Number of protein chains: 2
Amino acid sequence: MTMSNTGGRRKPPTIHDVAREAGVSRGTVSRVLNGGHYVSPTAQEAVNAAIRKTGYVVNRHARSLITGRSDSIGFLLTEPQERFFEDPNFNVLLSGCTKALAAHDIPLLLMLAGTRDERRRITRYITAGHVDGVLLVSSHSGDPVADELREAGVPLVQCGKPMGLGSKVSYVAADDRDGARDMVRHLLSLGRRRIGVVSGPLDTPGGVDRLAGYKEVLTEAGVEIDERLIVSGDYSRASGEAGTERLLAQAPDMDALFVASDLMAQGALTALHRAGRRVPEDVSVGGFDDSSAATEATPALTTVRQPYDRISAEMVRLLLAQIGGEDPAAVILPTELVKREST
Amino acid sequence: MTMSNTGGRRKPPTIHDVAREAGVSRGTVSRVLNGGHYVSPTAQEAVNAAIRKTGYVVNRHARSLITGRSDSIGFLLTEPQERFFEDPNFNVLLSGCTKALAAHDIPLLLMLAGTRDERRRITRYITAGHVDGVLLVSSHSGDPVADELREAGVPLVQCGKPMGLGSKVSYVAADDRDGARDMVRHLLSLGRRRIGVVSGPLDTPGGVDRLAGYKEVLTEAGVEIDERLIVSGDYSRASGEAGTERLLAQAPDMDALFVASDLMAQGALTALHRAGRRVPEDVSVGGFDDSSAATEATPALTTVRQPYDRISAEMVRLLLAQIGGEDPAAVILPTELVKREST
DNA sequence: CATGCTTCTGTGAGCGTTCACAGTAGAGAA
DNA sequence: TTCTCTACTGTGAACGCTCACAGAAGCATG
């Protein structure tokens, strides 16, 4: 990347130009820019007018050089990228975080670290201080990138409960266990008793908690827990399809199915359809997430809504707080049962 | 955002530290960093060793301050965000651009400009020089943001052919017309003659070109063009469903259907299924894009693949060239017919 | 009148780079 | 020898901002 571009942008006004225009000093303009304390109303007014007139916008590089912060944050995905492509939730999360940050005038840098090399490069980039903090999406058990960043003292907020239960980890998650409980109670209320489950990966807290909620409600209701009704997948559509086939083979009398993600539920629907089971007449199906996959499925999926808009907002709030010096914190948000055609 | 964070990152080494370590001057280190011309092999070696030893990473803010460029680029989406959520192609494009830029060590800033306010804020941000260039995704007819940026002399590359055919516009697009031709020829080769089409929006070049390809092939083949077999949608799933219903009402003898996007084709499948038409036995269905929607559909969609990986790579190449002072250019990439179960 | 306090303002220094320039050393040509 | 040319290296200035500090002005208190 060499300089010069055909369009010929002319150089923008500096804080000096604004100061001259307003008849004050650089320092005063800077104070107005950063909160405006200890500035007389007169000066305040003059500076604002000058800013409008000159079209001044602060040079963030110059600011960052002296403050030592970049006023930008990274959105880091350490999953293999296929998941990113497939799962509609990422979009919602990503866009939610982008907008929440935009409200603070903080740009979001997208960082995809699927391969080993990319991970190294990005870790280096982050620890070099090129971003002030990181929003991390990773359902991995023990994510080495996360550990490395934490060790380097980089403010970090994770989406979803992380595995290693270190208390110094900030994260935001939906109440997986409670959501699962709601869903299974709902299935029970429909008179179903042979309820199968395709859980998430059991090396992630999310996967574990949803399965725990399932077992808990069945036990409470006095329904026997049958291991033949339990399989686990990896949240992908394909694994939902395969898992459901296994369940149908192991427990042909299954009359309901709780699938731990909408994407897997889509796969489940395909498998049930192929096996000639009608949904919801023969088998009631419940998903998890309330992603766009839920409404696109036929029949539309009853599911557990994760409040992604609130999750992204909380992630940003927590991260900014942490950058501001506060201690890491965890936030668990309530889920909501959304009833549609599949139950 | 105030300073200080609990973790306490210690301040990173500067170019000065490296220079001292290597026993050379700042200037020499800088030269090594930027290409290494006019540096003796001895010094080169010493500097590289010092960089490794100190773990030095260049401070991009200081560099940007003096060079005037930010070494970062913006990925701008001016569509309403629902499209972003729904369309799997965006993910592929976004991730492709991110990786192509990563190869040049250039971070990507995600910018979502759905609302009027966001558009203003982002335009301001960009024209202030906080990014060196913009990758724009917008199928809008005449995008006001694009015009404004171009006027301000901001290097810009658009995805998809823009409407106003100004020659100073850089863009990368798939060969829509040719892709459509391939698909319709394929349908004809199956013996189908009553071929319906759900086109894209006709105020976009992409929509127009795909329809043109359709008409062209039919005319060549001596098949009469029946206006009752032509409707248009907006690339959304819902519009595909509605359009297909209209076609079925207007032309019940339709035996094939060319849908201008996979997402709309999913909707078409739903409508056909509801009408009791079997796919592909009664009606052959062809889509466009080869997005993940194509393989997820049942039956899997025959479609026209847009080479999204190459598109994103070309967009980045063109943008960097433009930043380097070259003139805007257009690139049209070939499509490929992918045959699956729906035809 | 001096003193202190509060509110406000201007000034110089410096953040970590790159860039232009000056300068050195060595090789080859006149 | 002396000059020129090439290959390389060091140095000061500047980029645009924030921060610490010094100082001014106004007002109350001793």
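Residues numbered from 1 in each chain as written. Chains lettered and ligands numbered in written order. Predicted model: local features only at pLDDT ≥ 70, side-chain atom pairs only at ≥ 80, totals over all residues. Heavy atoms only, no water.

Per an unreviewed UniProt entry, chain A carries the name LacI family transcriptional regulator and comes from Streptomyces muensis.

Asks: Even after reading the chapter, I still don't get the overall build of chain A, so can you show me in this structure?
Replies: A count of helical and extended segments in chain A gives 14 helices and twelve strands. Taking all 343 residues of chain A together, the buried fraction comes to 54%. Put simply, of all contacts in chain A between residues at least 6 apart along the chain, 69% involve residues at least 24 apart. Entry remark: accessible area of chain A is about 14,700 Å², with carbon and sulfur atoms responsible for 51%. On chain A, the mean spot of the 40 positive side-chain charges and the mean spot of the 44 negative ones are 7 Å from each other. (Helix = DSSP H or I, 4+ residues; strand = E, 2+ residues; numbered from the N terminus. Buried < 20%, exposed > 50% of the residue type's maximum accessible area, 1.4 Å probe, protein only. Contact = heavy atoms within 4.5 Å. Areas by Shrake-Rupley, 256 points an atom, 1.4 Å probe, with all protein chains shown as cover. Lys, Arg positive; Asp, Glu negative; His and termini not counted. Charge placed at Lys NZ, Arg CZ, Asp CG, Glu CD.)

Asks: Explain the relation of the copies chain B and chain A here, please?
Replies: Each copy of the chain is related to the other by a rotation around an axis and a translation along that axis. With an axial shift of 0.1 Å and an RMSD of 0.1 Å, the rotation relating chain B to chain A amounts to 180°. The transformation relating the two chain copies, once decomposed into turn and shift, fits a two-fold axis. Same-surface contact between copies: 100% of interface residues of chain B are shared with the interface of chain A. (Least-squares fit on C-alpha atoms with pLDDT ≥ 70 in both.)

Asks: Can you walk me through the UniProt feature "domain: HTH lacI-type" (unreviewed entry) in chain A in this structure?
Replies: UniProt annotation of "domain: HTH lacI-type" (unreviewed entry) refers to residues 13–67 of chain A when read in the numbering used here. The distance separating the terminal C-alpha atoms of residues 13–67 of chain A is 21 Å; by composition the span is 69% helix and 0% strand. (UniProt positions renumbered as here; feature names shortened; annotations may be inferred.)

Asks: What is the right way to read the protein's contact with DNA strand D from this model?
Replies: Around DNA strand D sit 26 residues, and of these Ile-15, Arg-26 and Tyr-56 of chain A together with Arg-26 and Ser-40 of chain B come closest. When the atoms of DNA strand D within 4 Å of the protein are sorted by group, sugar and phosphate make up 60%. Asn-34 of chain A places a side-chain nitrogen or oxygen 3.4 Å from a phosphate oxygen of DNA strand D. At a separation of 2.8 Å, a phosphate oxygen of DNA strand D approaches a polar backbone atom of Ser-25 of chain B. Here the element with the most residues in the surface near DNA strand D is helix 4 (residues 60–67) of chain A; it accounts for five residues. Partitioned by chemical class, the residues of the surface near DNA strand D number twelve nonpolar, nine polar and five charged. (Near = heavy atom within 4 Å. Polar contact = N/O pair within 3.5 Å; in protein donor to acceptor, adjacent residues only side chain to side chain. Nonpolar A, V, L, I, M, F, W, Y, C, P; charged D, E, K, R; others polar.)

Asks: Looking at this structure, I do not really get helix 6 (residues 88–102) of chain B. What am I missing?
Replies: The α-helix advances 3.6 residues per turn, and as a result positions three or four apart in sequence lie on the same side. Counted at 1.5 Å a residue, the expected span for helix 6 of chain B with its 15 residues is 21 Å, and the 21 Å between its end C-alpha atoms agrees. For helix 6 of chain B, a buried count of 13 out of 15 residues is recorded, marking the element as mostly surrounded by other parts of the structure. (Expected span 1.5 Å × (residues − 1).)

Asks: I tried to follow the sheet that holds strand 11 (residues 330–333) of chain B on my own but got confused; where do I start?
Replies: Strands belonging to one sheet form pairs held by backbone hydrogen bonds; the direction of such a pair is parallel or antiparallel. If you trace the twelve strands from one edge of the open sheet to the other, you get 11(A)-5(A)-4(A)-3(A)-1(A)-2(A)-2(B)-1(B)-3(B)-4(B)-5(B)-11(B), paired in mixed fashion. Edge positions in the sheet fall to strand 11 (330–333) of chain A together with strand 11 of chain B, since each of these pairs with one other strand and no more. This sheet shows a mean twist of 20° between the axes of neighbouring strands, independent of strand direction. Sheet topology note: the strand 1 (residues 73–77) of chain A/strand 2 (residues 108–112) of chain A ladder contains five bridges and is parallel. Bridge pairing in strand 2 of chain A places Leu-77 of chain A opposite Leu-112 of chain A. (Pairing = 2+ DSSP bridges. Axes fitted to C-alpha atoms, helices over the stretch in contact; angles between N-to-C directions.)

Asks: Help me understand the interface of chain B and chain A in this model?
Replies: It is common to report an interface's size as the accessible area lost on association of the parts. Listed as interface residues are 63 residues of chain B and, on the opposing side, 63 residues of chain A. For the pair chain B and chain A, the number of links is six salt bridges. In this structure, Glu-118 of chain A and Lys-99 of chain B form a salt bridge, with 3.5 Å as the shortest nitrogen-oxygen distance. Here chain B and chain A share seven residue pairs in polar contact (both at pLDDT 80 or more) between them. (Salt bridge = Lys/Arg side-chain N within 4 Å of Asp/Glu carboxyl O.)

Asks: Before we go on, may I ask you to explain the protein's contact with DNA strand C in this structure?
Replies: Near DNA strand C, the surroundings consist of 25 residues, among which Arg-26 and Ser-40 of chain A together with Ile-15, Ser-30 and Ile-66 of chain B are the closest. Those elements that place two or more of their residues in the surface near DNA strand C are helix 2 (26–33) and helix 4 of chain A together with helix 2 (26–33) and helix 4 (60–67) of chain B. Considering each element in turn, the surface near DNA strand C owes the most residues, five residues, to helix 4 of chain B.

Asks: What is the right way to look at the pairing of strand 11 of chain B in this model?
Replies: It is a general feature of regular strands that their side chains alternate between the two faces of the sheet. Residues and elements named next belong to chain B. Of the two faces of strand 11, only one is covered, namely that formed by Val-331 and Leu-333; the face formed by Ala-330 and Ile-332 stays uncovered. Looking at chain direction, strand 5 (residues 170–174) and strand 11 are connected through four bridges and run parallel. Counterpart to Tyr-171 in the pairing with strand 11 is Ala-330.

Asks: Is there a simple way to explain the nonpolar core in this structure?
Replies: The nonpolar side chains of a soluble globular protein tend to be buried, and buried together. Core analysis: the largest hydrophobic core is formed by 58 residues, its most contacted members being Leu-135 and Ile-311 of chain A together with Leu-135 and Ile-311 of chain B. Discounting residues that sit within four places of it in the chain, Leu-135 of chain A has contacts with Ile-73, Gly-74, Phe-75, Leu-76, Cys-97, Leu-101, Val-157, Met-315, Val-316 and Leu-319 of chain A. (Core = buried A, V, L, I, M, F, W, Y, C linked by side-chain atoms within 4.5 Å.)

Asks: In this structure, what is going on with the pattern of salt bridges? I would like to understand it.
Replies: Think of it this way: side chains of opposite charge can pair up when their charged atoms draw near. Tallying each qualifying case throughout the model produces 50 salt bridges over all chains. Between Asp-71 of chain B and Arg-69 of chain B there is a salt bridge, with the nearest N and O atoms lying 3.2 Å from each other. The class of Asp-71 of chain B is buried, set by a relative accessible area of 10%. Under the relative-accessibility criterion, Arg-69 of chain B is labelled buried at 19%. In the salt-bridge network here, residues are joined through shared partners; they are Arg-177, Asp-178, Arg-181 and Glu-216 of chain A.

Asks: Is there a simple way to think about the packing of aromatic side chains in this case?
Replies: Residues and elements named next belong to chain A. One pass over the full model with this rule turns up two aromatic pairs over all chains. Arranged with centres 6.3 Å apart and planes meeting at 50°, the rings of Phe-258 and Phe-288 form a pair that is tilted. Here Phe-288 lies in the loop between strand 9 (284–286) and helix 13 (292–296) and Phe-258 lies in strand 8 (residues 256–259), a separation of 30 residues in the sequence. The two residues Phe-258 and Phe-288 agree in class, both being buried. The side chain of Arg-210 reaches across the aromatic face of Phe-288, ending 3.9 Å from its centre. (Phe/Tyr/Trp six-rings, centres within 6.5 Å; stacked < 30°, edge-to-face > 60°. Lys NZ or Arg CZ within 6 Å of the ring centre and 35° of its normal.)

Asks: Explanation requested: the domain arrangement of chain A in the structure shown.
Replies: Taken domain by domain, chain A comprises domain 1 (15–58), domain 2 (73–175 + 308–334) and domain 3 (176–305). Computed from C-alpha coordinates alone, the two centres of domain 1 of chain A and domain 3 of chain A are separated by 60 Å. (Domains from an automatic or database assignment.)

Asks: Mind showing me how you'd approach helix 14 (residues 308–323) of chain B here?
Replies: Residue and element names in this part refer to chain B. Taking 1.5 Å of rise per residue, the 16 residues of helix 14 would be expected to cover 22 Å, and the 22 Å separating its terminal C-alpha atoms lies within 8% of that figure. Within helix 14, twelve of the 16 residues are buried, which leaves the element mostly enclosed by the surrounding structure. The complete set of buried residues in helix 14 reads Tyr-308, Ile-311, Ser-312, Glu-314, Met-315, Val-316, Leu-318, Leu-319, Leu-320, Ala-321, Gln-322 and Ile-323. Residues of helix 14 that are buried in the fold lie against strand 1 (73–77), helix 6, strand 3 (133–137), strand 4 (156–159), strand 5 and strand 11. Directly beyond the C-terminal end of helix 14, a positive phi value near 110° is found at Gly-325.

Asks: Looking at this structure, I do not really get the environment of Ala-249 of chain A. What am I missing?
Replies: Residues and elements named next belong to chain A. Within the secondary structure layout, Ala-249 lies in helix 11 (residues 237–250). Look at Ala-249 and you get exposed, because its relative accessible area is 62%. C-alpha separation for the pair Ala-249 and Arg-317, spaced 68 residues apart in sequence, amounts to 47 Å.

Asks: I tried to follow the packing of helix 1 (residues 15–22) of chain A against helix 3 (residues 41–54) of chain A on my own but got confused; where do I start?
Replies: Between two packed helices, both the angle of their axes relative to each other and the distance between the axes serve to describe the pair. Residues and elements named next belong to chain A. At a closest axis distance of 8 Å, the pairing of helix 1 and helix 3 adopts a crossing angle of 125°. By the criterion of interaxial angle, the relationship of helix 1 to helix 3 is oblique. With respect to the hand of their crossing, helix 1 and helix 3 are arranged in right-handed fashion. Where helix 1 abuts helix 3, its residues Val-18, Glu-21 and Ala-22 lie against Ala-46, Val-47, Ala-50, Ile-51, Lys-53 and Thr-54. The residue makeup of the contact of helix 1 with helix 3, split by class, is six nonpolar, one polar and two charged. (Parallel < 35°, antiparallel > 145°, perpendicular 65-115°, else oblique. Left-handed = near helix turned anticlockwise from the far one by under 90°.)

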